[in-house]
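# Understanding the architecture of this molecule
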Amino acid sequence: MTVHLEVADGVGTIRLDRPPMNALDVATQDRLKELAEEAGRRDDVRAVVVYGGEKVFAAGADIKEMQDMDHTAMVLRARALQDSFTAVARIPKPVVAAVTGYALGGGCELALCADFRIAAENAKLGQPEILLGLIPGAGGTQRLARLVGPSKAKDLIFTGRMVKADEALTLGLVDRVVPADEVYAQAHAWAAKLAQGPAIALRAAKESIDTGLETDIDTGLAVERNWFAGLFATADREIGMRSFVEEGPGKAKFL
């Protein structure tokens, strides 16, 4: 298998494993979707790390495979391609991308599906599809613009240029830059901390934010309002409020 799911301490690591560059061929895309959906379902997974290994996150799609696909083949495949990435974006739990080495094309688009991105100092990110006479097709034109704004997204997509980690941080493309040998440990620590939090409230927060970004403010407020009221029916709300009253803030131990 080219993608694995490993679970420890409430954290599920979705690990790309297709050396040397973790090229995202059709089989890898399909497996990614399967494991993202599994991570979303499993009660023992409360937060997720997406990781490509110590040397590279993912250098993009398998160009040799794509070269053999004509228009009809890609019409049939394009939805499945997007769906595999959307499955990661819709994991109803906190997701962090641990980005080492190259995150290009589909690799960058995969990182965009996470809620938070931690990058190595030597990481390089970009959407170089324009250099192939294409555009990003796994969500890049949409998620990148929502994350960094339309003008910055157009610069990256129109030119196809790669950015180093420091510029990616300035652009808002990544959220933290750390030494290469600390990327996975810090990503896992971020996920492990949230894995101890209130699972339903975290799900509610993620869905409210993501839905609000995709719709008008009135709809977003309605989603927030419904989740907010609904959380009053959860055990975690009872635990959190009781702990606050009896022990002070930040000491609750959730189920």
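Notes on the structure in this doc start here. (Residues numbered from 1 in each chain as written. Predicted model: local features only at pLDDT ≥ 70, side-chain atom pairs only at ≥ 80, totals over all residues. Heavy atoms only, no water.)

Let us look at the overall build of the protein chain. A tally of helices and strands in the protein chain yields 11 helices and 9 strands. The globule rule puts the C-alpha radius of gyration for 255 residues at 18 Å, and the 19 Å found for the protein chain is close to it. If you line up the protein chain on its principal axes, its C-alpha atoms span 60 × 40 × 35 Å. The buried share of the protein chain, reckoned over its 255 residues, is 44%. Once local pairs closer than 6 in sequence are excluded, the contacts in the protein chain between residues at least 24 apart make up 69%. Accessible surface, the protein chain: about 13300 Å² in total, of which carbon and sulfur atoms supply 56%. Computed over 30 positive and 36 negative side-chain charges, the separation of the two mean positions in the protein chain equals 2 Å. (Helix = DSSP H or I, 4+ residues; strand = E, 2+ residues; numbered from the N terminus. Rg over C-alpha atoms; globule rule 2.2 N^0.38 Å. Buried < 20%, exposed > 50% of the residue type's maximum accessible area, 1.4 Å probe, protein only. Contact = heavy atoms within 4.5 Å. Areas by Shrake-Rupley, 256 points an atom, 1.4 Å probe, with all protein chains shown as cover. Lys, Arg positive; Asp, Glu negative; His and termini not counted. Charge placed at Lys NZ, Arg CZ, Asp CG, Glu CD.)

Let us look at the pattern of salt bridges. Taken as a whole and assessed by the stated rule, the structure comprises 11 salt bridges. Between arginine 18 and aspartate 25 there is a salt bridge; the shortest N-O distance is 3.4 Å. Among the charged side chains, a network of salt bridges with common partners joins Arg18, Asp25 and Asp62. (Salt bridge = Lys/Arg side-chain N within 4 Å of Asp/Glu carboxyl O.)

Most of strand β3 (residues 47–51) sits inside the fold, with 5 of its 5 residues counted as buried. Here β3 shows a buried face lined by Ala47, Val49 and Tyr51 and a second buried face lined by Val48 and Val50. For the segment spanning strand β2 (residues 11–16), helix α1 (residues 26–41) and β3, crossover handedness is right-handed. Of the strand pairs in this sheet, β3 and strand β4 (residues 95–99) are connected by 4 bridges, and their pairing is parallel. Of the residues in β4, the one forming a bridge with valine 48 is valine 95. (Right-handed = clockwise from strand over helix to strand, strands pointing away. Pairing = 2+ DSSP bridges.)

Of the volumes computed, that of the largest pocket is approximately 1100 Å³. Surrounding the largest pocket, 35 residues form its lining, Ala89, Cys113, Arg143, Asp210 and Glu214 being those nearest its centre. Those elements that provide at least two residues to the lining of the largest pocket are α3 (71–89), α5 (140–148), α8 (183–195) and α9 (199–214). A total of 10 residues in the lining of the largest pocket trace back to one element, the largest contributor, which is α9. (1 Å grid on protein atoms, 1.4 Å probe; cavity = no way out; pocket = protein on both sides within 12 Å on 5 of 7 lines; lining within 4 Å. Points joined across faces, edges and corners; volume = space filled by probe spheres on them.)

On the surface, a cluster of nonpolar side chains totalling about 250 Å² of accessible area is made up of Met21, Tyr102 and Met162. In this fold, methionine 21 is placed in the loop between β2 and α1. (Patch = residues over 30% accessible without salt bridge, like charges linked within 9 Å, V, L, I, M, F, W, Y side chains within 5 Å.)

Let us now look at α9. Taking 1.5 Å per residue as the helical rise, α9 with its 16 residues ought to reach 22 Å, and the 23 Å between its terminal C-alpha atoms agrees with that figure. Residues of α9 that are buried include every one of Ala204, Lys206 and Ser208, and no others. Those residues of α9 that are buried are in contact with α3, β4 and α10 (217–230). (Expected span 1.5 Å × (residues − 1).)

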